[in-house]
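# Structure at a glance
Residue-level listing of the chains:
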Amino acid sequence: MALRILVVHYSQTGQLTRIVRSMLAPLAGQSDVRIDWHAVVPEPAYPFPWTFRTFLDAFPESVYLDPPAVNAPPSEADYDLVVLAYQVWFLAPSTPLAGELP
Ligand SMILES: Cc1cc2nc3c(=O)[nH]c(=O)nc-3n(C[C@H](O)[C@H](O)[C@H](O)COP(=O)(O)O)c2cc1C
């Protein structure tokens, strides 16, 4: 039976997604490994580039791990391994992924 991996990721520039794809590349080439990719989409979307005001305004939610509304990821029960690929926002996991933390 194939090893099932779910990658839950959020990136504004695509940089973090490229990093995690590179890290998982050795596994992605294996016939007995299946990797599903779930891009987290916050609603409303965060701006990019950020204005100074919106950047500072993200501080309280970031520190308190208060997540925005996001599209629902697949059930973790269907996977052997879940990889959470998140940016660091104000020394905390970025809010789009905060709701996915165990
Ligand atoms: C609101 C906000 C807060 C951030 N806080 C930090 C931080 O505390 N430490 C850090 O190293 N990077 C911080 N960053 C940079 C992010 O970790 C990340 O490098 C950046 O958002 C680009 O990610 P991306 O290229 O995958 O979109 C912050 C970025 C944002 C937007």
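Description of the structure in this document. Predicted model only: the values in this text are computed from it and were never measured.

### Things to note about the layout of surface pockets
If a probe the size of a water molecule is rolled over the atoms, the empty space left behind becomes visible. Size it by volume and the largest pocket reaches roughly 210 Å³. In this structure, the largest pocket is lined by Leu6, Val8, Pro73, Pro74, Glu76, Val82, Leu84, Gly99, Glu100, Leu101 and Pro102. If you list the elements that add at least two residues to the lining of the largest pocket, you get β1 (3–9) and β5 (81–85). Per-class residue counts for the lining of the largest pocket are eight nonpolar, one polar and two charged.

### Here we look at the site of the ligand
Around the ligand lies a shell formed by Ser11, Gln12, Thr13, Gln15, Leu16, Trp50, Phe55, Gln87, Val88, Trp89, Phe90 and Leu91. The contact in question runs from an oxygen atom of the ligand to an N or O atom on the backbone of Leu91, over 2.9 Å. Here the ligand, which alone exposes 630 Å², has 70% of that area covered by the protein. Looking at the shell around the ligand, the elements with two or more residues in it are α1 (15–28) and β6 (88–89). Taken together, the residues of the shell around the ligand sort by class into seven nonpolar, five polar and no charged.

Conventions and cut-offs
- Residues numbered from 1 in each chain as written.
- Predicted model: local features only at pLDDT ≥ 70, side-chain atom pairs only at ≥ 80, totals over all residues.
- Heavy atoms only, no water.
- 1 Å grid on protein atoms, 1.4 Å probe; cavity = no way out; pocket = protein on both sides within 12 Å on 5 of 7 lines; lining within 4 Å.
- Points joined across faces, edges and corners; volume = space filled by probe spheres on them.
- Helix = DSSP H or I, 4+ residues; strand = E, 2+ residues; numbered from the N terminus.
- Nonpolar A, V, L, I, M, F, W, Y, C, P; charged D, E, K, R; others polar.
- Near = heavy atom within 4 Å.
- Polar contact = N/O pair within 3.5 Å; in protein donor to acceptor, adjacent residues only side chain to side chain.
- Areas by Shrake-Rupley, 256 points an atom, 1.4 Å probe, with all protein chains shown as cover.

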